[in-house]
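So the chains spell out like this:
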Amino acid sequence: MSAKINVGGVETFSTVDFPEHMAAVVFLQGCPWRCPFCHNTSLQPIDSATDFVWEKFLDFLGKRQGILDAVVFSGGEPLVQNSLSDAIDDVKAMGYKVALHTGGYRPEAFQKVLPKLDWVGFDIKGPLTKDGYKKSTGGYDKIEHVRKSLELLIESGVDFECRTTCDPRVLDIADIYTIADTLSSMGIKTYRLQRYRQVEGDNTPDSECEKFFTDKALEEYLRNKFSDFAFRS
């Protein structure tokens, strides 16, 4: 029996969503957060009906064996869907590696799927405090869930990266120092800073978006904090 999972869309080929792998990306419907920098707002409503048929996607994967080597579950926030574990089982049964993009929502659901994952891209929305997350996610303040998920990920031994999208409307350079200190203190080695691309209706100057990437003192600090640090466009 295939998983009954609500999919908002698929990218049939990607080389950037799971490092060093050729993957299909499944965008799952639903997200509890309202990050102002989100480019997938259509995926936010959790119960929105879609016409996507999971079995047809599995048929597609059957025809791409030997071409693709992985499937990435992204969103939205994949951990909102109770059928995520079953969907991962479907994909693993076909011989594909599996990656997950998540912000750490619902650590109990994360713990269930972690043993099945080959890689995780963990989004750090802002400083790991209630106020920091309320500002960067549109009101979410259960920071203890995010921290618990991070701890589970570290303990699991699954390969992962942490990454932060540098939206200057909700983050400043001091916030990046704070995030770096927290992550480093937890033993995290791999961190990425991602450029913010203006969403529709936002007129933030490019210079504001670029300031995180031209600050040489910040770059040096991050390279000293993390053995694997990089900027990402």
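The rules we used
Residues numbered from 1 in each chain as written. Predicted model: local features only at pLDDT ≥ 70, side-chain atom pairs only at ≥ 80, totals over all residues. Heavy atoms only, no water. Helix = DSSP H or I, 4+ residues; strand = E, 2+ residues; numbered from the N terminus. Buried < 20%, exposed > 50% of the residue type's maximum accessible area, 1.4 Å probe, protein only. Polar contact = N/O pair within 3.5 Å; in protein donor to acceptor, adjacent residues only side chain to side chain. Contact = heavy atoms within 4.5 Å. Pairing = 2+ DSSP bridges. Right-handed = clockwise from strand over helix to strand, strands pointing away. Core = buried A, V, L, I, M, F, W, Y, C linked by side-chain atoms within 4.5 Å. 1 Å grid on protein atoms, 1.4 Å probe; cavity = no way out; pocket = protein on both sides within 12 Å on 5 of 7 lines; lining within 4 Å. Points joined across faces, edges and corners; volume = space filled by probe spheres on them. Nonpolar A, V, L, I, M, F, W, Y, C, P; charged D, E, K, R; others polar.

Enquirer: How would you sum up the side chain of E161? Please name residues and give values.
Expert: Take E161: it is sitting in strand 6 (residues 159-166). Looking at E161, the relative accessible area reads 3%, which means it is buried. Polar contacts involving the side chain of E161 include one to the side chain of R163, which spans 2.9 Å. Polar side-chain contacts of E161 include one of 2.6 Å to the side chain of R232. Residues within four places of E161 in sequence aside, it is in contact with W119, V120, G121, F122, T190, R192 and R232.

Enquirer: Describe the pairing of strand 6, listing the residues and the values that go with them.
Expert: A large share of strand 6 lies buried, amounting to seven of its eight residues. With five bridges connecting them, strand 6 and strand 7 (residues 190-195) associate as parallel partners. Note that in strand 7 the partner of T165 across the bridge is Q194. Once the chain exits strand 6 it traverses helix 6 (residues 173-185) before rejoining the sheet at strand 7, and the crossover so formed is right-handed.

Enquirer: Account for the nonpolar core, with residues named and values stated.
Expert: With 65 residues, the main nonpolar core has W54, L61, F73, F110, L117 and L183 as its most contacted residues. In this structure, L117 is in contact with I88, V98, L100, F110 and V158, ignoring residues within four places of it in sequence. Core analysis: the next-biggest nonpolar cluster, separate from the first, contains nine residues, A23, V25, L43 and A99 among them.

Enquirer: Describe the side chain of H101, naming the residues involved and giving the relevant values.
Expert: Relative to the elements of secondary structure, H101 occurs in strand 4 (residues 97-102). When its relative accessible area of 8% is taken as the criterion, H101 is described as buried. Of the polar contacts made by the side chain of H101, one reaches the side chain of S74; its length is 3.2 Å. Leaving out residues up to four positions away in the same chain, H101 has contacts with D17, V72, F73, S74, P78, W119, G121 and R163.

Enquirer: Now, about the layout of surface pockets: what can you tell me, with residues and values included?
Expert: Of the volumes computed, that of the largest pocket is approximately 980 Å³. Lining the largest pocket we find 35 residues, and of these N40, D123, R163, T165 and Q194 sit closest to its centre. Elements that contribute at least two residues to the lining of the largest pocket include exactly strand 4, strand 5 (119-123), strand 6 and strand 7. The leading source of residues in the lining of the largest pocket is strand 6, at four residues. Residues of the lining of the largest pocket, tallied by class, amount to 12 nonpolar, 13 polar and 10 charged. Counted as a void, the second largest pocket has a volume near 150 Å³. As for the second largest pocket, its lining consists of F18, P19, E20, H21, W119, D159, F160, E161, T190, R192 and D228. Elements represented by at least two residues in the lining of the second largest pocket include exactly strand 6 and strand 7. The biggest single contributor to the lining of the second largest pocket is strand 6, with three residues. Here the residues of the lining of the second largest pocket sort into four nonpolar, two polar and five charged.

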